[in-house]
Amino acid sequence: MRLAWLTDIHMNFLSPVSMNRFFLMLKESEADAFLITGDIGEAPQVSFYLKRLENKLQRPIYFVLGNHDFYGGSIAGVRGTVGKQAGESRFLSWLNEAGVVRLSDTLGLIGHDGWADGRCGDYEHSSVEMTDYYVIEDFDRLDKARRLKKLHQLGDETATHLRQWLPRALAAYPHVICAIHVPPFREACWHQGQISNDEFLPHFCCQAAGEALVEIMQQHPEHQLTVLCGHTHGEGTAQILPNLRVLTGGADYGTPHIQQILE
Ligand SMILES: [Fe+2]
Ligand SMILES: [Fe+2]
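Bear in mind the structure is a predicted one, so any value in this text is a computation, not a measurement.

So, the overall build of the chain
For step 1, the next point in the chain: Within the chain, the regular secondary structure consists of eight helices and 13 strands.
For step 2, the next point in the chain: The C-alpha atoms of the chain give 17 Å as radius of gyration, which agrees with the globular expectation for 263 residues (18 Å, within 12%).
For step 3, the next point in the chain: Taking all 263 residues of the chain together, the buried fraction comes to 45%.

Here it is, written out as structure tokens:
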């Protein structure tokens with residue numbers, strides 16, 4: 001089983017020529033399946049890009065959505081469209097709705113979109129204004145306090161999903177991969193070779209998800225969890241517990257690549 005992991009592919013930045021080059025590179029990877037940890041495109045085209053990936057690759061594509069996938073739309077709107085599409089598709093699996101996926105006898109996969117929940121770093125004094133807050137309908141006209149409430153709610157939703165599905169995955173597999181767009185730990189918020197600072201961390205880290213993962217993995221010392229994430233576009237690894245490792249993928253707009261082939 002060869003699983004090619006991709007993240008932050010931002011297909012809206014690809015010209016027709018680079019799009020074809022990208023598809024060719026994926027085909028030639030000889031992966032049995034693909035995993036995309038979000039930021040596939042933007043709301044009006046994310047569904048179209050998924051359709052093209054599926055048509056070109058004809059192999060299972062597991063994915064979660066990133067914040068950019070909602071740009072120009074609403075969270076519920078995009079999730080509704082993509083959920084319906086994946087439900088009707090032979091190859092597409094959206095991990096928010098896929099439960100525990102069997103990759104091999106010893107390896108299971110779970111995942112959730114995830115959202116930076118404003119809890120890590122210093123939200124109150126942060127002057128970072130993510131584009132999210134202006135181009136995703138859910139944040140429209142929310143002041144800083146109401147926006148934080150929304151961020152908490154989105155992060156909690158991911159933590160609830162992980163609390164529901166990770167124990168089930170661990171009951172069935174000794175090793176589990178968890179895909180989430182946003183790094184769930186400060187230590188995994190790599191940006192240009194460094195951990196992001198308190199200005200950026202509220203917008204880069206899903207702390208509620210990290211707390212859920214630590215709590216569950218401490219109860220399962222014989223099991224291994226590998227978290228795959230993106231969002232910060234900076235590559236790095238963080239060992240959070242002896243049995244909990246996080247890989248953050250690096251990305252540049254316009255040049256999507258395979259992060260790793262996991263065997
Ligand atoms: Fe991204
Ligand atoms: Fe992102």
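Anyway, onward from the coordinates.
Here's the deal with helix α1 (residues 16-28)
For step 1, the next point in the chain: Taking 1.5 Å per residue as the helical rise, α1 with its 13 residues ought to reach 18 Å, and the 18 Å between its terminal C-alpha atoms agrees with that figure.
For step 2, the next point in the chain: Following α1 by one or two positions, Glu30 has its phi on the positive side, about 55 degrees.

Remarks on the pairing of strand β3 (residues 61-64)
For step 1, the next point in the chain: Burial along β3 is two-sided: the residues Ile61 and Phe63 and Tyr62 and Val64 are all buried.
For step 2, the next point in the chain: Of the strand pairs in this sheet, strand β2 (residues 33-37) and β3 are connected by four bridges, and their pairing is parallel. When the bridges of β3 are listed, Ile36 appears paired with Phe63.
For step 3, the next point in the chain: Taken together, β2, helix α2 (residues 46-57) and β3 constitute a β-α-β crossover, and its handedness is right-handed.
For step 4, the next point in the chain: As paired strands, β3 and strand β4 (residues 92-94) are joined by three bridges and run parallel to one another. By the bridge assignment for β4, Phe63 is matched with Trp94.
For step 5, the next point in the chain: Read as a crossover between parallel neighbours, the route from β3 over helix α3 (residues 75-88) to β4 is right-handed.

Side note on the packing of α2 against α3
For step 1, the next point in the chain: Where α2 contacts α3, the two axes come as close as 10 Å, and the packing angle between them is 20 degrees. By the criterion of interaxial angle, the relationship of α2 to α3 is roughly parallel. Note on packing geometry: the crossing formed by α2 with α3 is right-handed. Across the interface between the two elements, Val46, Ser47 and Leu50 from α2 touch Val78, Thr81, Val82 and Gln85 from α3.
For step 2, the next point in the chain: Within the contact of α2 with α3, the residues separate by chemical class into four nonpolar, three polar and no charged.

Some thoughts on the nonpolar core
For step 1, the next point in the chain: Ranked by size, the top nonpolar core spans 76 residues in total, and within it Val176, Cys178, Ala179, Ile180 and Cys205 carry the most contacts.
For step 2, the next point in the chain: For Val176, the contacting residues outside a window of four places in its chain are Gly108, Ile110, Leu166, Ala169, Leu170, His223 and Leu225.

Observations regarding the pairing of strand β1 (residues 3-6)
For step 1, the next point in the chain: Neither face of β1 is open: one carries Leu3 and Trp5, the other Ala4 and Leu6, and all of them are buried.
For step 2, the next point in the chain: One ladder, built from four bridges, connects β1 with strand β13 (residues 258-262); its direction is antiparallel. The residue bridging Trp5 from the neighbouring strand is Gln260, located in β13.

Quick notes on the sheet that holds strand β10 (residues 224-229)
For step 1, the next point in the chain: Read from one edge to the other, the open sheet built from six strands follows the order β5-β6-β7-β10-β12-β11, with strand pairing classed as mixed. Bordering the open sheet on either side are β5 (101-102) and β11 (236-241), each of which pairs with just one other strand.
For step 2, the next point in the chain: Most of the contacts of helix α6 (residues 144-172) go to strand β6 (residues 107-112), to which it runs at about 175 degrees, and overall it touches β6 and β7 (175-180).
For step 3, the next point in the chain: Contacts between helix α8 (residues 207-218) and the sheet are confined to β7, β10, β11 and β12 (244-248), with β11 contributing the most and set at about 50 degrees to the helix.

Here we look at unusual backbone geometry
Leave glycine aside and you will find that most residues have negative phi; peptide bonds, for their part, are mostly trans.
For step 1, the next point in the chain: Located in the positive-phi region is Asp8, a residue other than glycine, with phi close to 50 degrees.
For step 2, the next point in the chain: Following the sequence through the fold, Asp8 ends up in the loop between β1 and α1.
For step 3, the next point in the chain: The backbone of His231 shows a phi angle near 75 degrees, a positive value even though the residue is not glycine.
For step 4, the next point in the chain: Within the secondary structure, His231 sits in the loop between β10 and β11.

With respect to α6
Side chains three or four residues apart in an α-helix point the same way, a direct result of the helix having 3.6 residues per turn.
For step 1, the next point in the chain: Along its 29 residues, α6 runs 42 Å from first to last C-alpha, staying within 8% of the 42 Å computed at 1.5 Å per residue.
For step 2, the next point in the chain: Taken as a whole, α6 has its buried residues at Leu151, Leu154, Gly155, Thr158, Ala159, His161, Leu162, Trp165, Leu166, Ala169 and Leu170.

Describing the sheet that holds β4
For step 1, the next point in the chain: Spatially, five strands are ordered β4-β3-β2-β1-β13 in an open sheet, and the strand pairing comes out mixed. A strand with exactly one partner marks an edge of an open sheet, and here the two such strands are β4 and β13. Across this sheet, the average inter-strand angle for adjacent strands is 20 degrees, counted without regard to direction.
For step 2, the next point in the chain: Sitting on the sheet, α2 is in contact with β2, β3 and β4, with an inclination near 160 degrees to β3.

Structural notes on the environment of Leu170
For step 1, the next point in the chain: Locating Leu170 in the fold gives a position in helix α6.
For step 2, the next point in the chain: Taking the C-alpha atoms as reference points, Leu170 and Met217, 47 residues apart in sequence, are found 9.1 Å from one another.
For step 3, the next point in the chain: Setting aside its immediate chain neighbours within four residues, Leu170 contacts Val176, His220 and His223.

Parameters and conventions
Residues numbered from 1 in each chain as written. Chains lettered and ligands numbered in written order. Predicted model: local features only at pLDDT ≥ 70, side-chain atom pairs only at ≥ 80, totals over all residues. Helix = DSSP H or I, 4+ residues; strand = E, 2+ residues; numbered from the N terminus. Rg over C-alpha atoms; globule rule 2.2 N^0.38 Å. Buried ≥ 20, exposed ≤ 12 C-beta atoms within 10 Å, placed from the backbone. Expected span 1.5 Å × (residues − 1). Pairing = 2+ DSSP bridges. Right-handed = clockwise from strand over helix to strand, strands pointing away. Axes fitted to C-alpha atoms, helices over the stretch in contact; angles between N-to-C directions. Parallel < 35°, antiparallel > 145°, perpendicular 65-115°, else oblique. Left-handed = near helix turned anticlockwise from the far one by under 90°. Contact = placed C-beta atoms within 7 Å. Nonpolar A, V, L, I, M, F, W, Y, C, P; charged D, E, K, R; others polar. Core = buried A, V, L, I, M, F, W, Y, C linked by C-beta atoms within 7 Å.

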